[in-house]
Amino acid sequence: MIGILREAWHTAVPEDGDRHGPLQPLMLVLTVVTGLVDAFSYLSLGHVFVANMTGNIVFGGFAIAGVPGFSLLATVVALVAFAGGALLCGRVIRRGEAHRAGVLYRAVGVEVLLVGAAFVVVAVLGAGSTRYPLLVLLGLGLGVQNAVARWLAVPDLTTTVLTLTVTGIAADSRAAGGPGSRAGRRLLSAAAMLVGGLVGALMLRAGWHAVPLLVATVLLATVCLTARRLASSSAPWTRSP
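Everything numeric in this text was worked out from a predicted model, so none of it was measured.

A. Inspection of the packing of aromatic side chains at higher detail. What the rule picks out here adds up to six aromatic pairs. On the numbers, 5.8 Å between centres and 45° between planes, the contact of Tyr42 with Phe59 is tilted. Linking Tyr42 in helix α2 (residues 23–44) with Phe59 in helix α3 (residues 53–64), this pair joins segments that are 17 residues apart in sequence. The class of Tyr42 is partly exposed, set by a relative accessible area of 25%. Relative accessible area serves as the criterion here: at 10%, Phe59 is assigned to the buried category.

B. Structural view of the packing of helix α4 (residues 72–95) against helix α6 (residues 131–152). Running from N to C, α4 and α6 cross one another at 40°; their axes reach a closest spacing of 6 Å. With respect to α6, the axis of α4 lies oblique. Of the two elements, α4 crosses α6, and the hand of that crossing is right-handed. By residue class, the composition of the contact of α4 with α6 is 19 nonpolar, five polar and one charged.

C. A look at the nonpolar core. Counting residues in hydrophobic clusters, the biggest one holds 55 residues, and the most contacted among them are Met27, Val37, Phe40, Leu45, Leu104, Leu135 and Leu138. Within the residue set of this core, elements represented by two or more residues are α2, α4, α5 (100–125), α6, α8 (183–205) and α9 (211–230). The contacts of Leu104, once residues within four sequence positions are left out, are Leu23, Leu26, Met27, Leu30, Gly109, Val148, Leu152, Val223 and Ala227.

D. The arrangement of unusual backbone geometry in detail. Not every positive phi belongs to a glycine, and His47 is a case in point at roughly 55°. On the secondary structure map, His47 appears in the loop between α2 and α3. Judged by its relative accessible area of 27%, His47 is partly exposed. Its identity as a non-glycine residue notwithstanding, Thr159 has a phi of 75°, on the positive side. Positionally, Thr159 belongs in the loop between α6 and α7 (163–171).

E. Up close: α9. Taking 1.5 Å of rise per residue, the 20 residues of α9 would be expected to cover 28 Å, and the 29 Å separating its terminal C-alpha atoms lies within 8% of that figure. Within the span of α9, buried status applies to Pro212, Leu213, Ala216, Thr217, Leu220, Val223, Cys224, Ala227 and Leu230. For α9, the arc enclosing every buried residue in end-on projection is 150°, short of the 170-degree limit, so these residues lie on one face. Away from its buried face, by an angle of more than 90 degrees, α9 presents the exposed residues Leu225, Arg228 and Arg229.

What counts as what
Residues numbered from 1 in each chain as written. Predicted model: local features only at pLDDT ≥ 70, side-chain atom pairs only at ≥ 80, totals over all residues. Heavy atoms only, no water. Phe/Tyr/Trp six-rings, centres within 6.5 Å; stacked < 30°, edge-to-face > 60°. Helix = DSSP H or I, 4+ residues; strand = E, 2+ residues; numbered from the N terminus. Buried < 20%, exposed > 50% of the residue type's maximum accessible area, 1.4 Å probe, protein only. Axes fitted to C-alpha atoms, helices over the stretch in contact; angles between N-to-C directions. Parallel < 35°, antiparallel > 145°, perpendicular 65-115°, else oblique. Left-handed = near helix turned anticlockwise from the far one by under 90°. Nonpolar A, V, L, I, M, F, W, Y, C, P; charged D, E, K, R; others polar. Core = buried A, V, L, I, M, F, W, Y, C linked by side-chain atoms within 4.5 Å. Contact = heavy atoms within 4.5 Å. Expected span 1.5 Å × (residues − 1). Arc of directions from axis to C-beta.

Put into structure tokens, the structure is as follows:
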């Protein structure tokens with residue numbers, strides 16, 4: 001247990017010389033954003049995710065089967081928007097220098113604008129009549145986030161996919177004859193998404209429909225400004241993975 005807590009601490013507060021520098025806590029913040037935004041999309045936009053595409057594909061199957069409450073069109077819009085965001089981020093990555101903080105700054109800067117725009121739409125017009133514009137804005141934003149997280153390649157901190165994370169906790173454990181599961185880092189990643197989803201759901205239940213997106217925008221802006229400051233660093237962790 002002490003080892004797990006120590007690993008979790010070093011993930012949230014990296015040691016000097018860590019291979020990924022300060023990227024780990026920034027990825028945790030982005031994971032909280034995923035929980036917030038998916039809580040909003042699922043609970044306010046009608047059983048659809050804008051970050052977790054595995055779930056969306058399953059929801060598409062539910063919709064085709066005629067299960068009430070699931071929309072094939074909403075699922076397709078979210079999937080296409082997500083793919084568009086990933087494509088956009090791919091171009092951002094390949095047109096700039098391979099400085100990890102610099103790439104994160106540009107990518108999250110785009111995401112801030114998209115999620116912030118979604119917040120304004122909900123605050124002014126509400127979510128009910130703006131379902132598809134919101135799916136496009138949020139899908140694009142989370143597609144950008146997932147693409148940059150994939151490029152940064154910080155182990156076990158993808159900001160979205162937790163299936164392999166949970167698998168690794170068990171399959172790589174000493175009990176399974178593995179080398180050690182990095183359970184501290186992986187559990188912290190799962191906890192970050194749990195917190196985001198929990199906080200987002202509580203806000204929505206309280207009737208604060210735009211607040212999850214406001215909190216997500218503030219967190220994204222914090223990551224963006226931090227990455228901008230780190231973009232001047234020449235430490236080894238800044239080099240392209």
